[in-house]
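An overview of the molecular structure
Chain by chain, the residues:
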4 protein chains.
Amino acid sequence: MRTAIFGQGYVASILAVGLQRIKEGEIGYEGIPLADTIPKSIEDIELVLAFDIDGRKVGRRLSEIAEEYWGRIDFDCDYEVKRGFSGGMNGMWNSDGESEDLEEVIGRLVDEYERNDVEIFINLITTERVQPFFDADKMERAIKENDVARLSPSQIYFYSVAQYERQTAFINCIPAHIANDPACVRIAERNECVIFGDDGASGATPLTADILEHLHQRRRRVKCIAQFNIGGNTDFLTLQEPERNLAKEETKSSIVKDILGYDVPHFIKPTGYLEPLGDKKFVAMHIPYISFNGAEDELIITARINDSPALAGMLIDLIRLAAIAIERKEFGTVYPVNAFYMKMPGPREALATSKMRAYEMLKAWVGYESIDFGGREGLKTA
Amino acid sequence: MRTAIFGQGYVASILAVGLQRIKEGEIGYEGIPLADTIPKSIEDIELVLAFDIDGRKVGRRLSEIAEEYWGRIDFDCDYEVKRGFSGGMNGMWNSDGESEDLEEVIGRLVDEYERNDVEIFINLITTERVQPFFDADKMERAIKENDVARLSPSQIYFYSVAQYERQTAFINCIPAHIANDPACVRIAERNECVIFGDDGASGATPLTADILEHLHQRRRRVKCIAQFNIGGNTDFLTLQEPERNLAKEETKSSIVKDILGYDVPHFIKPTGYLEPLGDKKFVAMHIPYISFNGAEDELIITARINDSPALAGMLIDLIRLAAIAIERKEFGTVYPVNAFYMKMPGPREALATSKMRAYEMLKAWVGYESIDFGGREGLKTA
Amino acid sequence: MRTAIFGQGYVASILAVGLQRIKEGEIGYEGIPLADTIPKSIEDIELVLAFDIDGRKVGRRLSEIAEEYWGRIDFDCDYEVKRGFSGGMNGMWNSDGESEDLEEVIGRLVDEYERNDVEIFINLITTERVQPFFDADKMERAIKENDVARLSPSQIYFYSVAQYERQTAFINCIPAHIANDPACVRIAERNECVIFGDDGASGATPLTADILEHLHQRRRRVKCIAQFNIGGNTDFLTLQEPERNLAKEETKSSIVKDILGYDVPHFIKPTGYLEPLGDKKFVAMHIPYISFNGAEDELIITARINDSPALAGMLIDLIRLAAIAIERKEFGTVYPVNAFYMKMPGPREALATSKMRAYEMLKAWVGYESIDFGGREGLKTA
Amino acid sequence: MRTAIFGQGYVASILAVGLQRIKEGEIGYEGIPLADTIPKSIEDIELVLAFDIDGRKVGRRLSEIAEEYWGRIDFDCDYEVKRGFSGGMNGMWNSDGESEDLEEVIGRLVDEYERNDVEIFINLITTERVQPFFDADKMERAIKENDVARLSPSQIYFYSVAQYERQTAFINCIPAHIANDPACVRIAERNECVIFGDDGASGATPLTADILEHLHQRRRRVKCIAQFNIGGNTDFLTLQEPERNLAKEETKSSIVKDILGYDVPHFIKPTGYLEPLGDKKFVAMHIPYISFNGAEDELIITARINDSPALAGMLIDLIRLAAIAIERKEFGTVYPVNAFYMKMPGPREALATSKMRAYEMLKAWVGYESIDFGGREGLKTA
């Protein structure tokens, strides 16, 4: 499973570090939901290529970049980070400093994919807000017309993967609309590409979803929901920009109505940036609700959560599930996978659900008899 | 659905108050998991009889007792509380002050059941530790031999219900082993009695179960679990007695291994009594765990929960599910109901499970098409 | 102590309700720091006049307005709310609908003060950002020149009180700079007015201040501070406007450096609005710090706090301390009072301090032998 | 300042590690309240002797023991741990295996003190409950009569220090009554010994004290207090023994009435043992209270606190304050020091107080002009 990454940040580096340490037997399968229960071995994942637009990363080795986050590690494949696509205002140049149009950019990217024999792609670039196209033709026309202002880097990366002449998977872990854009899903179907997305469900929101489901199952009436998040990684820093924050807020808010069946006033969004917290964010949640006979209860949840490892652990599954989806030729997007691993599971018309329900769907989709849940369902045998 | 209650305490009174207020349209179905999704109407529940051993309650009307907890309410059936069975050391006397043996006690109880045409029974007496019999014959022998020291009030109440000549249900909401005693289950099968039990899952433990399941699904390795509970109702007061506390601790601890699939050091028990908290307990939980690449996260949950309404709301379901089980002739005990509503779901060989899994089992058991979960599963239609 | 209020909102209404209930012996002195330890009796406080600009309040009786927040109460003085000054863009008209200039507005206000024989004034209008004048002459010139755009309602109210020909006190409970504007303090000194201000220290910030002092005394090195507040009263609603929020943030942030002696990254501000929380806000705080030998500890504080009663209880003190300050002729502003009761204690050059230190200053300023702290200092007598 | 330690556990080891790291410039003064503000240099503290009764420690070097807790450190003085006094049932033998009486034990201890030229002693043995003597003569008689059953190790250690023929200090950091036993204080006065004690105020209780003071200053009426502590160090393990827990509970509970001036129902005690938490305990506190006009607020505090470094940092001060007290010849016990650093400040007739008040007393006692609080009091200069 040869994999490329867009955005060589903290998540990508922790993914590489953790994967290497697993291969060397240093750590176990903590934080990897499917662990060794599926017939795709973690050891067969290979990270072989990455793109970034940060001048301090382009041209450097994975090991040099990972060292800043973790310490010295020898990687099986110590790739050099390639220049990605920054889009928009900054213009586009090839490595000779000559101006490129979008088709040239895409050509350059696809050349790299081929050269490295990549099959699976992960989008981990900085959060950006993306305007969906809805119509595949419109999207293709925008590319052809070199309409840089209309296209975001996530869309270009996805499109380049779809253009790459083999069966592929594109795993979108940021809140950009890809699996939620019918245009992208249509293009993926046509070009034999699997999309998983959008926005990796690794933080506090999946927990909120499951707690809301817990309350819903007991028909407790939630009065309102406050969920604060504050952290010190690049993600929180960039979310200080209102436009990006909006992208994030959207994907988090949909869970309330989808799970409870009714909407309630809520405040669920990244709240601020505090550099000393680093990658380990602080989360605070407050959920007052009405119980039987009008009784007023309340739940308060606080947490310290390492953001990047939570997502990186899920990526270990998503890469392997992508390989399975390709084998099964389930091109387009795959709701039962998205529902568990994504905050805003595509396709667009799909609803958010509690992660517990999604887990059951995931198990059914995976369908392997070998999944061992420790016989925890039903009755013990005598 | 004519219902009798053993133990006219806070839960029984809030149940009566809430039910009456629903009948009068004052409140909605908050805190009643199945609400109006099953074809047994809440309005058809009738509370018609109660037993207690507290001299301040015996002989008084429901409305007088409920007034202390809530305020003046006019009940459809303002029953008078009858003298129950206190067991053990205190001796047993009939209303003429003459000594009774166990068979006489049971006879007296059954007379009341018949007089009031009761079908469904709820055990809400003070927490007690009960030694299971395992063998139905041994239990029957102990009754015959008037072995008062061996039999607890819960066992006597259950046995009296089983002796009552009609199809019945016994809902055991305290941590006594009834649904978990094969002796009781056997007797229930023979005598056409449904048992639901043991120990109503109304407090913080179901939430803990679901949170553990959430962590388990992401294969996060839980390091340990602390769960403190402190409250000011009679329940917490009596749990200050070590023997009773032990009964409680047992039912709470089993969830850890059953859900996670491995055991971890845990401290889960009622921790103390603070009268000013009243029925609204304070709960604090701490769950540190290991995520991907060895990252250390932690969850802290604090809550204020009204204990009695939480259980009373579930009783509204359990009474109706009991009526359904009787109609279906599912005598003995019913795991899919117990798994969701009970902390220590019988039968004895059953495991605890997350409440989210249990909910799916419950829905399957209920099986009505009419259950409306707001179309929240799967995809929206176009 | 005849008192007038600018801004007949929740705080003013709860102040009136609580005061009346104390007079009638219904409640005790909870939430009134100095209670009955000073020789100014709470029973001698009279609320006799209020101004507001909300059309739904002007012309109505206190009892009608308070009823919305609390229920029916008979007040000793059931005043009618007068039209205040809304300033700025809205223009100013007298009761005949004729345009007024600032001097006419001030004249109209002072007439009301005289008619009602008011001595003490409390500013409780909606949070606004105020640009200090620094120079008293400049402030007076702006009034004379009718420079409505430069003057905020708080400044006009203060100025009108200073113009009123008797010894007065102006208690500024909002984050507008009054005690922190040397111009206002100078005018107050000249015109025999006492200013207490700015911004009543009633919420979570005083607690944060004391906790920071606690850590500082143990020389623990605070790494960063997050303090989230979310509520459902008008205050939180108006703070959604960025300009007002900024005013609030300023007064809260100064505590960090002033108390710790060094600055740390912090996020301390009203975070959002959730209507169902009403006046009882939710607060969450996170303070990680370094202890001996580099150990990393952390404190998490969550709270539910009724905002308006907290401030109203302090007003019971501030009115009485204002009367004392007038008797002592301490015109201008009084730091030892401000330091305890205000978030941004004036004068401008003063620092924030922990509230515990401020309390000692307050006691020294009050100076009455009668303050009974229960002999809690020092040694018990034999 | 040559110092000996009774009980070479985690606190003693972290004290040695931290002190060495400060001497080598590796860490700063975090967690040392008086830091460099007093004219006794931290660098002049020398740890030269320790006693323990654990066979795995006796005879081993400090560096070997500290390595288990921290890692390899080179200590200026790498002392060998000596055999202490285990008392009671276990009998007493000298190094030749011959039975010793109490006077022989004391003689053996004093010999070590002299040989190592020790001046200051710290009691860090496992929590034990001690029955005070009240009368100095009775205590001396018990020693003379070799009444081993009546005397606890803490008492023997203290007595041996008092017998040692030079001016000394005995710092009692465990909940045994030493500074609170008039017998010990009398003996200390006679024999020119300074006692600081009892029970180092390093955990959550000082924070509780300051928060209660904060509420008290605002005259908020506390309804009840729950404070749970759970940890995984030896301290928590031994506190599982009810007798030891009782000793701890006593010292914690006194703060409530002493600070608030009235008692309220409270549950304040070490609650359990969870090995994976190690030295970093989890604390949860719940404090509901009544504010103005009967409003009900509540505070919830949760924390992760490294127990041993918190106490070790205070010991850096206490050793130096002991040297100052000896110079000033303040023999017996010193309330202004105890009040800040101890949970149960001696002498016996003293009350607990908030730590903020105690801090002011401490500063006054220290009395050095050089204490720099950053000019944080009062006004800034122009």
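Predicted model, so just to flag it, every value in this text is computed and none were measured.

1. Describing the overall build of chain A
For chain A, the helix and strand inventory stands at 12 helices and 12 strands. Sorting the 382 residues of chain A into buried and exposed places 65% on the buried side. Here chain A displays about 12,900 Å² of accessible surface, and carbon together with sulfur accounts for 45% of that area.

2. Observations regarding the interface of chain B and chain A
Listed as interface residues are 77 residues of chain B and, on the opposing side, 77 residues of chain A. Between chain B and chain A, the buried area comes to about 6,400 Å², and carbon and sulfur atoms account for 55% of it. In this structure, the connection of chain B to chain A is made through two salt bridges. If you look at where chain B meets chain A, you find 20 residue pairs in polar contact (both at pLDDT 80 or more). At the level of secondary structure, the elements contributing two or more residues to the side of chain B that touches chain A comprise α1 (10–23), α7 (205–217), α9 (242–260), β10 (280–290), β11 (296–306), α10 (307–327), α11 (335–341) and α12 (355–366) of chain B. The greatest single-element share of the side of chain B that touches chain A, amounting to 11 residues, is contributed by β11(B). Residue classes in the side of chain B that touches chain A are distributed as 39 nonpolar, 16 polar and 22 charged.

3. Here's the deal with the interface of chain D and chain B
In this complex, chain D contributes 23 residues to the contact, which on the side of chain B involves 23 residues. Here chain D meets chain B over a buried area of about 1,900 Å², counting both sides, of which 83% is carbon and sulfur. Of all residues in chain D, the largest losses of buried area upon contact with chain B belong to F228(D), L274(D) and F282(D), amounting jointly to 28% of the total for that side. One can count two salt bridges joining chain D with chain B. A salt bridge links R304(B) to E298(D), with the nearest nitrogen and oxygen atoms 2.8 Å apart. Viewed at the interface, chain B and chain D are joined by four residue pairs in polar contact (both at pLDDT 80 or more). It is strand β10 (residues 280–290) of chain D that contributes the most residues to the side of chain D that touches chain B, five residues altogether. Grouping the amino acids of the side of chain D that touches chain B by side-chain chemistry returns 15 nonpolar, five polar and three charged.

4. Quick word on the confidence of the model for chain A
Residues and elements named next belong to chain A. Looking at chain A as a whole, its pLDDT mean stands at 87, while 90% of the residues score no less than 70. This model gives residues 369–382 a pLDDT under 50, and the stretch forms 27 contacts once residues within four places in sequence are excluded. The ipTM assigned to the predicted complex is 0.89, against a pTM of 0.90.

5. What to know about the domain arrangement of chain A
All names here are of chain A. Considered domain by domain, chain A is made up of domain 1 (2–200 + 309–361) and domain 2 (204–306). On a C-alpha basis, the centroid separation for the pair domain 1 and domain 2 is 26 Å. Taken residue by residue, the interface counts 19 residues in domain 1 and 22 residues in domain 2. Both sides together, the interface formed by domain 1 and domain 2 hides about 1,900 Å², and carbon and sulfur atoms give 58% of it. It is T127, R129 and K343 that lose the most area in domain 1 upon contact with domain 2, and together they represent 35% of the buried surface on that side. At the surface where domain 1 touches domain 2, the tally comes to one salt bridge. We note a salt bridge from R357 to E213, for which the minimum N-O separation is 2.9 Å.

6. Quick word on the pairing of strand β2 (residues 46–52) of chain A
Residues and elements named next belong to chain A. Judged by how many residues are buried, β2 sits mostly within the fold: six of seven residues are covered. Here five bridges tie strand β1 (residues 2–6) to β2, and the two strands are oriented parallel to one another. Residue pairing for β2: I5 is matched across the bridge by A50. Taken together, β1, helix α1 (residues 10–23) and β2 constitute a β-α-β crossover, and its handedness is right-handed. Where β2 meets strand β3 (residues 82–83), two bridges bridge the pair, whose relative direction is parallel. Note that in β3 the partner of D52 across the bridge is R83. Chirality of the crossover, the property in question, places the unit of β2, helix α2 (residues 62–69) and β3 among those that are right-handed.

7. A short note on the relation of the copies chain B and chain A
Note on the identical chains: chain B maps onto chain A by a rotation of 180 degrees and an axial translation of 0.0 Å, with an RMSD of 0.1 Å. The superposition operator between the copies reduces to a two-fold rotation axis. When C-alpha distances to the rotation axis are compared across chain B, the minimum falls at I301(B), with a value of 2.2 Å. Looking at chain B, 100% of its interface residues are interface residues in chain A too, so the copies touch through the same face.

8. Focus on the sheet that holds strand β5 (residues 168–172) of chain A
All names here are of chain A. Here we have seven strands laid out as an open sheet, ordered β3-β2-β1-β4-β5-β6-β12, and parallel in their pairing. Here the strands that pair on one side only, and so sit at the sheet edges, are β3 and β12 (332–333). Here β5 pairs with strand β6 (residues 193–196) via four bridges, running parallel. Across the sheet, the residue bridging to T168 is C193, located in β6. On the sheet, α1 packs against β1, β2 and β4 (120–123) and is oriented at approximately 165 degrees with respect to β2. Its contacts with the sheet put helix α5 (residues 153–163) on β1, β2, β4, β5 and β6, and the angle it makes with β5 is roughly 165 degrees.

9. Regarding the packing of aromatic side chains
Under the defined criterion, the tally for this structure stands at 62 aromatic pairs over all chains. An angle of 15 degrees between the planes, with centres 6.1 Å apart, marks the rings of F6(C) and F121(C) as stacked. With F6(C) in strand β1 (residues 2–6) and F121(C) in strand β4 (residues 120–123), the pair connects residues that are 115 residues apart, well separated along the chain. Judged by its relative accessible area of 0%, F121(C) falls in the buried class. Pairwise contacts between aromatic rings join F6(A), F51(A), Y113(A), F121(A), Y157(A), F158(A), Y164(A) and F170(A) into one cluster.

10. Observations regarding the relation of the copies chain D and chain B
Mapping chain D onto chain B is achieved by rotating through 180 degrees and translating by 0.0 Å along the same axis, at an RMSD of 0.0 Å. Counting the interface residues of chain D, we find that 100% of their copies in chain B are interface residues as well, pointing to one common contact surface.

11. Regarding the pattern of salt bridges
Proximity of charged atoms lets side chains of opposite charge pair with each other. Residue and element names in this part refer to chain C. Overall, the coordinates contain 86 salt bridges over all chains when judged by the stated rule. Between E46 and R2 there is a salt bridge; the shortest N-O distance is 3.5 Å. Placement of E46 in strand β2 (residues 46–52) and of R2 in strand β1 is noted, with a sequence separation of 44 residues between them. Residue classification places R2 among the partly exposed residues on the basis of a relative accessible area of 26%. A salt bridge links E67 to R72; the shortest N-O distance between them is 3.4 Å. The exposure class assigned to E67 is partly exposed, which follows from its relative accessible area of 38%.

12. Quick notes on the side chain of H214(D)
Tracing the chain through its elements places H214(D) in helix α7 (residues 205–217). Classification of H214(D) as buried rests on a relative accessible area of 3%. Once residues within four sequence positions are removed from consideration, H214(D) is found in contact with P206(C), L207(C), D210(C), M356(C) and R220(D).

13. Looking at the packing of helix α4 (residues 136–144) of chain C against helix α6 (residues 182–190) of chain C
All names here are of chain C. Contact geometry of α4 with α6 gives a least axis separation of 8 Å together with a crossing angle of 85 degrees. On the basis of their axis angle, the class for α4 and α6 is roughly perpendicular. In this structure, α4 uses A136, D137, M139 and E140 to contact α6, whose residues at the interface are A183, C184, R186, I187 and R190. Residues that form the contact of α4 with α6 fall into these classes: five nonpolar, no polar and four charged.

Rules used throughout
Residues numbered from 1 in each chain as written. Chains lettered and ligands numbered in written order. Predicted model: local features only at pLDDT ≥ 70, side-chain atom pairs only at ≥ 80, totals over all residues. Heavy atoms only, no water. Helix = DSSP H or I, 4+ residues; strand = E, 2+ residues; numbered from the N terminus. Buried < 20%, exposed > 50% of the residue type's maximum accessible area, 1.4 Å probe, protein only. Areas by Shrake-Rupley, 256 points an atom, 1.4 Å probe, with all protein chains shown as cover. Contact = heavy atoms within 4.5 Å. Buried area = accessible area lost by both parts, 1.4 Å probe. Salt bridge = Lys/Arg side-chain N within 4 Å of Asp/Glu carboxyl O. Polar contact = N/O pair within 3.5 Å; in protein donor to acceptor, adjacent residues only side chain to side chain. Nonpolar A, V, L, I, M, F, W, Y, C, P; charged D, E, K, R; others polar. pLDDT = per-residue confidence, 0-100. Domains from an automatic or database assignment. Pairing = 2+ DSSP bridges. Right-handed = clockwise from strand over helix to strand, strands pointing away. Least-squares fit on C-alpha atoms with pLDDT ≥ 70 in both. Axes fitted to C-alpha atoms, helices over the stretch in contact; angles between N-to-C directions. Phe/Tyr/Trp six-rings, centres within 6.5 Å; stacked < 30°, edge-to-face > 60°. Parallel < 35°, antiparallel > 145°, perpendicular 65-115°, else oblique.

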